[in-house]
Amino acid sequence: MNTASMSIEFTGKIWQWRGPAPYYFVTVPEEQSNAIKAIASLVTYGWGVIPVHVQVGATEWQTSLFPKNGLYLLTLKDSVRKAENLKADDEVTLQLEIRL
């Protein structure tokens with residue numbers, strides 16, 4: 001079994017997409033997005049979506065990164081935002097783990 005992984009840490013601002021249902025995201029910065037792009041073909045499960053394990057504060061969860069305009073977007077679930085008392089425009093530091 002392959003247990004290799006890539007770990008990435010970055011800080012970004014939470015922003016809200018106000019579609020039919022509000023979603024909250026953090027955009028992965030260019031440098032880290034480029035590192036992810038370099039391994040994307042090894043880990044994507046379609047449409048460039050990348051499964052990740054994420055930690056912010058004491059909260060950990062599984063989600064996916066979505067490609068958008070050459071960068072990646074990380075979705076912040078409501079349960080995560082509530083657990084860590086996060087809201088739009090907050091700066092957060094996130095740790096990502098991508099299994100290779």
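Everything that follows concerns the structure shown earlier in this document.
The model shown is predicted, which means the values in this text are computed figures rather than measured ones.

1. What to know about helix α1 (residues 30-43)
With 14 residues, α1 ought to run about 20 Å at 1.5 Å a step, and its terminal C-alpha atoms sit 19 Å apart, in line with that. The sharpest bend along α1 measures roughly 40° and falls at lysine 37. For α1, every residue scored as buried is listed here: Gln32, Ser33, Ile36, Ile39, Ala40 and Val43. In this fold, the buried residues of α1 make contact with β1 (5-18), β2 (22-28), β3 (50-56), β4 (59-68), β5 (71-76) and β6 (91-99).

2. So, unusual backbone geometry
If you check the backbone angles, asparagine 85 has positive phi at about 55° while not being a glycine. If you trace the backbone, asparagine 85 turns up in the loop between α2 (78-84) and β6. Judged by relative accessible area, which is 68%, asparagine 85 ranks as exposed. A positive phi angle, close to 80°, is found at aspartate 89, a residue other than glycine. Within the element layout of this structure, aspartate 89 appears in the loop between α2 and β6.

3. Points about the sheet that holds β4
Taken in spatial order, the 6 strands line up as β1-β2-β5-β4-β3-β6 and close into a barrel, and their pairing is antiparallel. Taken over all neighbouring pairs, the strand axes of this sheet differ in orientation by 45° on average, direction set aside. Summarising the sheet, β1 and β6 pair through 9 bridges and their orientation is antiparallel. Across the sheet, residue methionine 6 finds its bridge partner in β6, namely isoleucine 98.

Rules behind the numbers
Residues numbered from 1 in each chain as written. Predicted model: local features only at pLDDT ≥ 70, side-chain atom pairs only at ≥ 80, totals over all residues. Heavy atoms only, no water. Helix = DSSP H or I, 4+ residues; strand = E, 2+ residues; numbered from the N terminus. Expected span 1.5 Å × (residues − 1). Bend = angle between axes of the 7 residues up to and from the residue. Buried < 20%, exposed > 50% of the residue type's maximum accessible area, 1.4 Å probe, protein only. Contact = heavy atoms within 4.5 Å. Pairing = 2+ DSSP bridges. Axes fitted to C-alpha atoms, helices over the stretch in contact; angles between N-to-C directions.

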